[in-house]
Amino acid sequence: MRVCLLAVLVCLSPVLVSAQDTSLPLPGTQLLKAEKPLDVLMIEGIDRFCLKEIVAARLKRESLWQRDFSNAAAYEKSLAPYREKFRTILGAVDPRVETAKFELAKQFPSLAPSQTGHSTGPSKYSVEATRWQTLAGIAAEGLLLIPEHNNWNAMVIVIPDARWSPDLFSGAAPGTETAISTLPQRLAENGCLVVIPTLINRNDDFAGNPEIAMTNQSNREWVYRSAFEMGRHVIGYEVQKVLAAVDLLTRMNAESSQTRPIGVAGIGDGGQLALYSAALDNRINSVLVSGYFQQREAVWQEPIDRNVWRLLTEFGDAQLASMIAPRTLVIEACQVPETDGPLPVKPGRRGGAAPGQIKTADIELVQAEFKLAQHLFEQLKVGNQLRLVSSGADGRGPGFSDAAVVAFMNGLGWKNVPAASSGPTPRLRVSLDRAAIQQRQVTEAVQFTQNLLRDSYKTRDKRVSKIDRSSVESWVASADRYRDEVYEELIGKLPEPVAPLNPRTRQVLDEKDFRGYEVVLDTYPDVIAAGILLLPKDMKPDERRPVVVCQHGLEGVPMDTISGPDSDGYKYYKSFAVELVKRGFITYSPQNPYRGKDLFRTLQRKSNPLGRSLFSYIIPQHQVTLKWLASLPNVDANRLAFYGLSYGGKTAVRVPPLLPPREGRPGYCLSICSADFNEWVNKNASVELPFTYVFTPEYEIFEWNMGHVANYAELSMLMTPRPFMVERGHDDGVGLDEWVAFEYAKVRRHYSKLNLADKTEIEFFNGPHTINGKATFAFLHRHLNWPQPQN
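Reading guide: rules and limits
Residues numbered from 1 in each chain as written. Predicted model: local features only at pLDDT ≥ 70, side-chain atom pairs only at ≥ 80, totals over all residues. Heavy atoms only, no water. Helix = DSSP H or I, 4+ residues; strand = E, 2+ residues; numbered from the N terminus. Rg over C-alpha atoms; globule rule 2.2 N^0.38 Å. Buried < 20%, exposed > 50% of the residue type's maximum accessible area, 1.4 Å probe, protein only. Contact = heavy atoms within 4.5 Å. Pairing = 2+ DSSP bridges. Axes fitted to C-alpha atoms, helices over the stretch in contact; angles between N-to-C directions. Core = buried A, V, L, I, M, F, W, Y, C linked by side-chain atoms within 4.5 Å. Salt bridge = Lys/Arg side-chain N within 4 Å of Asp/Glu carboxyl O. 1 Å grid on protein atoms, 1.4 Å probe; cavity = no way out; pocket = protein on both sides within 12 Å on 5 of 7 lines; lining within 4 Å. Points joined across faces, edges and corners; volume = space filled by probe spheres on them. Nonpolar A, V, L, I, M, F, W, Y, C, P; charged D, E, K, R; others polar. Phe/Tyr/Trp six-rings, centres within 6.5 Å; stacked < 30°, edge-to-face > 60°. Lys NZ or Arg CZ within 6 Å of the ring centre and 35° of its normal. Parallel < 35°, antiparallel > 145°, perpendicular 65-115°, else oblique.

**Q** Just to check I follow, could you spell out the overall build of the protein chain for this structure?
**A** Regarding its fold elements, the protein chain presents 26 helices and 23 strands. Over its C-alpha atoms the protein chain spans a radius of gyration of 29 Å, differing by no more than 12% from the 28 Å that the globule rule assigns to 791 residues. Overall size of the protein chain, expressed as C-alpha extent along the three principal axes, is 95 × 55 × 50 Å. Expressed as a percentage of the 791 residues in the protein chain, the buried residues total 62%. Looking at the protein chain alone, contacts between residues at least 24 apart form 77% of all its contacts between residues at least 6 apart.

**Q** Quick question: what am I supposed to make of the sheet that holds strand β23 (residues 760-765) here?
**A** What holds strands together in a sheet is hydrogen bonding between their backbones, with the strands either parallel or antiparallel. Read from one edge of the open sheet, ten strands run β1-β15-β16-β17-β19-β18-β20-β21-β22-β23, paired in mixed fashion. Every interior strand has two partners, whereas the edge strands, β1 (30-31) and β23, have only one. Bridge analysis of strand β17 (residues 527-536) against strand β19 (residues 586-590) gives four bridges, and the strand direction is antiparallel. Directly across from Gly531, in β19, lies its bridge partner Pro590. Here helix α2 (residues 38-60) sits on the sheet and contacts β16 (514-524) and β17; the angle it forms with β17, its principal contact strand, is near 150°.

**Q** Even after reading the chapter, I still don't get the environment of Pro27, so can you show me in this structure?
**A** Turning to its location among the elements, Pro27 is positioned in the loop between α1 (5-12) and β1. Between the alpha carbons of Pro27 and Thr505 there is a distance of 9.0 Å; along the sequence they are 478 residues apart.

**Q** Got a minute to help me understand the nonpolar core in this structure?
**A** Generally speaking, a soluble globular protein has its nonpolar side chains buried in company with each other. Of all hydrophobic cores here, the largest spans 184 residues; its most connected members are Phe86, Tyr276, Leu533, Trp628 and Phe677. At twelve residues, helix α7 (residues 234-256) tops the list of elements feeding residues into this core. Not counting residues up to four positions away in its chain, the partners in contact with Trp628 are Leu26, Thr29, Leu501, Pro503, Thr505, Val519, Leu521, Leu533 and Tyr588. Core analysis: the next-biggest nonpolar cluster, separate from the first, contains 37 residues, Ala154, Cys334, Val336 and Val417 among them.

**Q** Any chance you could explain the pattern of salt bridges here in plain terms?
**A** Side-chain pairs of opposite charge can arise whenever the charged atoms involved come near each other. Using the criterion set out here, one finds 52 salt bridges in the structure. Taking the shortest distance from any N to any O, the salt bridge between Asp317 and Arg296 comes out at 2.7 Å. Separated by 21 residues along the polypeptide, Asp317 in helix α10 (residues 317-322) and Arg296 in the loop between β10 (286-290) and α9 (311-314) bring together distant segments of the chain. Grouping residues by exposure puts Asp317 and Arg296 together as buried. Of the charged contacts, one joins Asp538 and Arg545 as a salt bridge, the two residues approaching to 2.9 Å between their closest N and O atoms. On the accessibility criterion, Arg545 (4% relative accessible area) is buried. Via salt bridges that share partners, Arg202, Arg220, Glu238, Asp269, Arg296, Glu302, Asp305, Arg306 and Asp317 belong to a single interconnected network.

**Q** Please clarify how the sheet that holds strand β5 (residues 154-159) should be interpreted in this entry.
**A** If you trace the nine strands from one edge of the open sheet to the other, you get β2-β3-β4-β6-β5-β9-β10-β11-β14, paired in mixed fashion. Every other strand in the sheet has two partners, leaving β2 (103-104) and β14 (386-390) as the edge strands with one partner each. The pairing of strand β3 (residues 125-135) with strand β4 (residues 138-147) spans ten bridges and is antiparallel. Residue pairing across strands places Gln133 opposite Ala139, the latter belonging to β4.

**Q** How should the environment of Leu288 be read in this particular structure?
**A** Mapped onto the elements, Leu288 comes out in strand β10. The exposure class assigned to Leu288 is buried, which follows from its relative accessible area of 0%.

**Q** What's the story with the layout of surface pockets in this structure? I'm lost.
**A** In this model, the second largest pocket occupies a volume close to 420 Å³. In terms of lining, the second largest pocket is formed by 23 residues, of which the most central are Gln294, Ala298, Glu302, Lys359 and Leu365. Of the residues assigned to the lining of the second largest pocket, the class counts are seven nonpolar, seven polar and nine charged.

**Q** Help me out: how do you make sense of the pairing of β17 in this one?
**A** With respect to burial, β17 is a largely interior element, ten of its ten residues being buried. In β17, alternate side chains face the same way, and those of Val527, Ala529, Gly531, Leu533 and Leu535 on one face and Ile528, Ala530, Ile532, Leu534 and Pro536 on the other are all buried. As defined by bridge partners, β16 adjoins β17 across ten bridges and the pair is classed as antiparallel. Across the sheet, Phe514 pairs through a bridge with Pro536, a residue of β17. The turn linking β16 back onto β17 is made up of two residues, and Asp526 within it adopts a positive phi angle of 80°.

**Q** Is there a simple way to explain the packing of aromatic side chains in this structure?
**A** Ring pairs (aromatic) are described by centroid distance and by the angle formed between their planes. The full count for this structure, using the stated rule, is 28 aromatic pairs. Between the aromatic rings of Phe642 and Tyr668, the centroid separation amounts to 5.4 Å while the plane-to-plane angle is 80°, which identifies the pairing as edge-to-face. Within this pair, whereas Phe642 is found in strand β20 (residues 635-645), its partner Tyr668 is found in the loop between α21 (655-658) and β21 (670-674), the two being separated by 26 residues in sequence. Take Phe642: its relative accessible area is 0%, and that puts it in the buried class. Three or more aromatic residues link up through ring pairs in this structure, and these residues are Trp65, Tyr82, Phe86, Tyr276, Tyr292 and Phe315. In this structure, Arg654 packs its charged tip against the face of Phe615, placed 5.5 Å from the ring centre.

**Q** Honestly, the packing of helix α3 (residues 72-90) against helix α8 (residues 269-280) in this entry has me stumped. Any pointers?
**A** Angle between the axes and distance between the axes are the two parameters that describe a pair of packed helices. Interaxial distance between α3 and α8 falls to 9 Å at its minimum, and their mutual angle equals 135°. Taken together, the axes of α3 and α8 are oblique relative to one another. Between α3 and α8, the contacting residues are Arg83, Phe86, Arg87 and Leu90 on the first element and Tyr276, Ala279 and Leu280 on the second. The residue makeup of the contact of α3 with α8, split by class, is five nonpolar, no polar and two charged.

**Q** Can you help me understand the packing of helix α6 (residues 219-229) against α7 in this one?
**A** The contact between α6 and α7 brings their axes to 8 Å, and the two run at 105°. By the angle class used here, α6 and α7 are roughly perpendicular. Contacts between α6 and α7 pair Arg220, Val223, Tyr224 and Ala227 from the former with Val234, Ile235, Tyr237 and Glu238 from the latter. Grouping the amino acids of the contact of α6 with α7 by side-chain chemistry returns six nonpolar, no polar and two charged.

**Q** Which parts of the structure should I look at to understand unusual backbone geometry?
**A** Leaving glycine aside, a negative phi is the common case for residues, and trans is the common case for peptide bonds. With an omega dihedral of 10°, the bond running from Gly341 to Pro342 counts as a cis peptide bond. Of note, Pro342 is situated in the loop between β12 (339-341) and β13 (356-358). Of the consecutive residues Thr720 and Pro721, the connecting peptide bond is found in the cis state with omega at 5°. Along the chain, the position of Pro721 falls in the loop between α24 (712-717) and β22 (724-729).

Given below as structure tokens:
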């Protein structure tokens, strides 16, 4: 059950200001009259902000494009930078393996043998199990439908939904009564070579490491999690498989000196891959997208394997369609396999898979997006190359309808398309081992990501090596470029908050040594910053003291850092905000928005498609907080320090490094990371240890391409020359001492090389996931130039 801030105050505060005294604001501020708990107000406000930003992105998306409609060649050239951006956010950036041919089962016994079956239609064809190399260590697998003669009319990749294996989809599985789709048979009978790839499915058979734990994640989410951290994606891997097939088909054309058209048709997840692949590769002549194309503003509600960083800033489905022009594109509104995740947790498995739904799109959403795409095709004067087909009533009929297929085949050069055959579908005489094929697809993708993980430090080292380390002054002068890269690429930067702070406060604590005030500040429309300010009672009117910002962890509230031994949070926080006040510091405990389980995790889902993360809001919240704290009469604006535990420690290596003091803008002069510092990229992406996030419910934790942008060492280096410290309990299960020491050693060496060794340290102590408050307190006193208590 969620515990809200006011309830915590009522239950845990030893001296709570009485109800009749809550009209006492801090001097110079308005009275805070909020009735809802501040954590609830914060999450609700950010949620409204996110949804408005998604709508705003749709309205301004086209303004970011500069297409040249003067002629087809100029148009194609103008698309190049957008294709590169799109390829990057899909993670489809690794070089594909050059391979000579589709490999058949008889050449590779690991594939189930597929004896030839023959059709009785206009043209006989055979069915073969096949695979083709894609990336180093990754091969696509599926079926080939091969017409009996070699003079093929076209070559087509037909991509089923992730729920359907190629043999069941095409009706080639022994014992199959009817095919899920007659499209493969229809194409093959009319002289087309047909390739049907296997997609990683939405079952959970291989989602986990059997030596550690299996989960209720779909196989797609299992691949997605570690890949996202490395700037790769399950979608990107599968686009690469489609394009590797296009490579082979193109080579076959060249070797035969023919110019047979290449088509791609897909339904559901396959429709997404068809759209994405054709947007990236102009060798595809005709495209059929069934049951996928629509307005994508609700992508955050879909399965997490469809979460693509920065997708909606520039690439709605209409914009992707425009990347296919002037080639043929057929959009079909139709029924698709629906899903409502997560999967139930099987006995012996871990839960925590992300929620997500796939529903057949409302026809109005399809039509609205199509209308925008149509306008773009018409500007190039190829409006006839784009067509919308509605299958059944309101686009809820079966996919690959006759009208859609005819339009698609027209794009491949058919003027008169024969009707579908009523003859039997050729079947494999021996069943494919679908489980083994699926396991290989999942395992190869995960292992490819793990190889990237092992080598990722080289890319991070290259980034940091560009900063001038010849002196402290040189580092400070040249580190801003890297700091900006980290902010833009890893966090996602919002515009500077410029609204008036409009501070509202109310006194909520009155202790022997201090008073406490709830504080609310405006950050953006709908977005507030909030927290509790503790002011020592012994301050003199003209005295200016240091401030320590004390940050709670996951699912916490500010009062967790304040409340005493009888509270649930004390075992973690040890009232460190109060202990520091007793030492003479002013403290401020912010409310951070990582609270409410799926309520805040969906904020991440709503933000990622705009190239933003939870910290995109947290950093500006701290900006306005620092600005307000610096304005208080008893605060020394040059001595604003940060100390955070757990998710607060996560904050310690993301917020202070990106908020250094600047002229006219206060920043953090010091940062302490407690109970979180780690070899963080491994902590997120490794499948080889039981405490990594690939196995846990924190599906929001993954940060796009962090492995190639900045690990904790690189983030901490951005504190230079400001003091930085790590607090680590030997028994803290968030990681291993060896990992922590390894990652911190890079920070220590960096500071030492700049003759700043006295400005960084690490304390290991015998204890769990908790504030220790010994060496860290001494660190604060020393670097904030504040005397330690004599007793």
